[in-house]
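If you want the building blocks of each chain, they are given just below.
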Amino acid sequence: MSEHDQRVAIVTGASRGIGAAVARRLAKDGIAVVVNYGRGREEAETMVGQIEAAGGRALAVQADIGEPSGVRTLFEAAEQTFGNVNILINNAGMMRLGRLAEVDDAEFDVQVALNLGGVFRGMREGARRLQEGGRIVSFSSSVVGLCQPAYGVYAATKAAVEAMTHVLAKELGGRGITVNAVAPGPVETEFFLAGKSEEQVRAVAEANPFGRLGQPEDIAEVVAYLASPEGRWISGQVIRANGGIV
Ligand SMILES: NC(=O)c1ccc[n+]([C@@H]2O[C@H](COP(=O)([O-])OP(=O)(O)OC[C@H]3O[C@@H](n4cnc5c(N)ncnc54)[C@H](OP(=O)(O)O)[C@@H]3O)[C@@H](O)[C@H]2O)c1
């Protein structure tokens, strides 16, 4: 395949966790990948080195996805280095737990800015710039279905991502662009482990029908399928990749 035929993907928040597994997995499919990071420059550059050593193409780009210019920076870097973008993975996200009575405005604003604002601007940029036959995959969460106490603001940002996914799928179908969301259950990353005791982590794993936590690679496989040419007839869907908890 010549460089001109190579598909190009942007993965937001790809220095660690699920985003890193997605970037690696897409590179394995021969896709040139923009590996976005917020603070984890070293991790992002190490991964780019590994992808290149395996014969792939990747570029680490710093951008704060919670800021208005974040995703635009990534499209510009991708287009300059690799050419037009085919695939956008809106992965960067954060979670601050707190019962609604206790959440302060700053905690609300920071989650909305990244989880909702970042995905909105990603979708808008993607709608304007993705090639025909393109793919958009955004991250929701299975907590939208579970609705446990303390997850109110986080779940609300992810429910909004699901709503925009359904709408944008209808807006972009005419260009052959699919728009989907993946809603993982608990996945063993810093995001999930932070602040939990070993006992709490074990209890969550045991409560899953598969008796374990999800791994970033479990989720990356789902994203890779949705991003692939074979995923062309799946659009406007939310895939709850969680081992069957909801
Ligand atoms: N883990 C789970 O159990 C779980 C379950 C359901 C849904 N999800 C969703 O899956 C996605 C990935 O979660 P994860 O578990 O992989 O999280 P993670 O381990 O905390 O990794 C988050 C990634 O996002 C990046 N990031 C954070 N803030 C950023 C910002 N403002 N700008 C750019 N990058 C930023 C981080 O990069 P830097 O360190 O470089 O800033 C890191 O690469 C999120 O949308 C999350 O809501 C996760």
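Residues numbered from 1 in each chain as written. Predicted model: local features only at pLDDT ≥ 70, side-chain atom pairs only at ≥ 80, totals over all residues. Heavy atoms only, no water.

As recorded in an unreviewed UniProt entry, the protein chain goes by 3-oxoacyl-[acyl-carrier protein] reductase and comes from Aurantimonas endophytica. Turning to the protein chain, the UniProt record has this under Sequence similarities (unreviewed entry): "Belongs to the short-chain dehydrogenases/reductases (SDR) family." (UniProt positions renumbered as here; feature names shortened; annotations may be inferred.)

Turning next to the UniProt feature "domain: Ketoreductase" (unreviewed entry) in the protein chain. Following the UniProt record, the feature "domain: Ketoreductase" (unreviewed entry) maps to residues 7-190 here. Along residues 7-190 the backbone is 48% helical and 16% strand, and the end-to-end C-alpha distance reaches 30 Å. (Helix = DSSP H or I, 4+ residues; strand = E, 2+ residues; numbered from the N terminus.)

The next point concerns the pairing of strand S6 (residues 178-182). Judged by how many residues are buried, S6 sits mostly within the fold: five of five residues are covered. Residue alternation in S6 divides its side chains into two sets, Thr178, Asn180 and Val182 and Val179 and Ala181, and both sets are buried. Here strand S5 (residues 135-139) pairs with S6 via five bridges, running parallel. Across the sheet, the residue bridging to Ser138 is Ala181, located in S6. (Buried < 20%, exposed > 50% of the residue type's maximum accessible area, 1.4 Å probe, protein only. Pairing = 2+ DSSP bridges.)

Quick look at the sheet that holds S6 now. Here we have seven strands laid out as an open sheet, ordered S3-S2-S1-S4-S5-S6-S7, and parallel in their pairing. Pairing within the sheet leaves two strands with one partner each, and these edge strands are strand S3 (58-62) and strand S7 (238-239). Bridging between strand S1 (residues 8-11) and strand S4 (residues 87-90) involves three bridges; their strand directions are parallel. Each residue of the ladder has a partner; that of Ala9, found in S4, is Ile87.

Given a rise of 1.5 Å per residue, 21 residues ought to cover 30 Å, and the 30 Å separating the end C-alpha atoms of helix H6 (residues 152-172) matches this to within 8%. Taken residue by residue, H6 has Val153, Tyr154, Ala155, Thr157, Lys158, Val161, Glu162, Thr165, Leu168, Ala169 and Leu172 as its buried positions. Where H6 is buried, its residues touch helix H4 (105-129), S5, helix H5 (143-146), S6, helix H7 (190-193) and S7. (Expected span 1.5 Å × (residues − 1). Contact = heavy atoms within 4.5 Å.)

The next subject is the pairing of S5. Along S5, five of the five residues are buried, which leaves the element largely enclosed by surrounding structure. By the alternation rule, side chains of S5 split into Arg135, Val137 and Phe139 and Ile136 and Ser138, which are all buried. Where S4 lies against S5, four bridges are found, and the strand directions are parallel. Bridge pairing in S5 links Ile89 to Val137. Crossover handedness for the path S4 to H4 to S5: right-handed. (Right-handed = clockwise from strand over helix to strand, strands pointing away.)

Moving on to the side chain of Ser142. Looking at the element boundaries, Ser142 is found in the loop between S5 and H5. In this structure the side chain of Ser142 is engaged in a polar contact, spanning 3.5 Å, whose partner is the backbone nitrogen of Gly185. Leave out the neighbours within four places in its chain, and Ser142 touches Ala183, Pro184, Gly185, Arg240, Asn242 and Val246. (Polar contact = N/O pair within 3.5 Å; in protein donor to acceptor, adjacent residues only side chain to side chain.)

On to helix H9 (residues 216-227). Spacing of three or four residues puts side chains on the same side of an α-helix, whose turn is 3.6 residues. Spanning 12 residues, H9 covers 16 Å between terminal C-alpha atoms, matching the ideal 16 Å at 1.5 Å per step. Within H9 the residues assigned to the buried category are Pro216, Ile219, Ala220, Val223, Ala224, Leu226 and Ala227. Burial along H9 is one-sided: seen end-on, the buried residues are contained in an arc of 160°. Here the buried face of H9 lies against helix H1 (17-28), S4, S5, S6 and S7. (Arc of directions from axis to C-beta.)

Let us look at the packing of aromatic side chains. Going through the model one piece at a time under the given rule, you end up with one aromatic pair. Across from the ring centre of Phe192, 4.1 Å away, lies the NZ or CZ of Lys196, which sits over that ring. (Phe/Tyr/Trp six-rings, centres within 6.5 Å; stacked < 30°, edge-to-face > 60°. Lys NZ or Arg CZ within 6 Å of the ring centre and 35° of its normal.)

Looking now at the site of the ligand. Taken together, the neighbourhood of the ligand is formed by 32 residues, with Ile18, Gly40, Asn91, Tyr154 and Thr189 sitting nearest. In this structure, an oxygen atom belonging to the ligand sits 2.8 Å away from a main-chain N or O atom of Val187. Burial of the ligand by the surrounding chains reaches 92%, relative to a free accessible area of 900 Å². Contributions of two or more residues to the shell around the ligand are made by H1, strand S2 (32-37), H6 and H7. Considering every element that reaches the shell around the ligand, the biggest residue donor is H7, with three residues. Residue classes in the shell around the ligand are distributed as 14 nonpolar, 13 polar and five charged. (Near = heavy atom within 4 Å. Areas by Shrake-Rupley, 256 points an atom, 1.4 Å probe, with all protein chains shown as cover. Nonpolar A, V, L, I, M, F, W, Y, C, P; charged D, E, K, R; others polar.)

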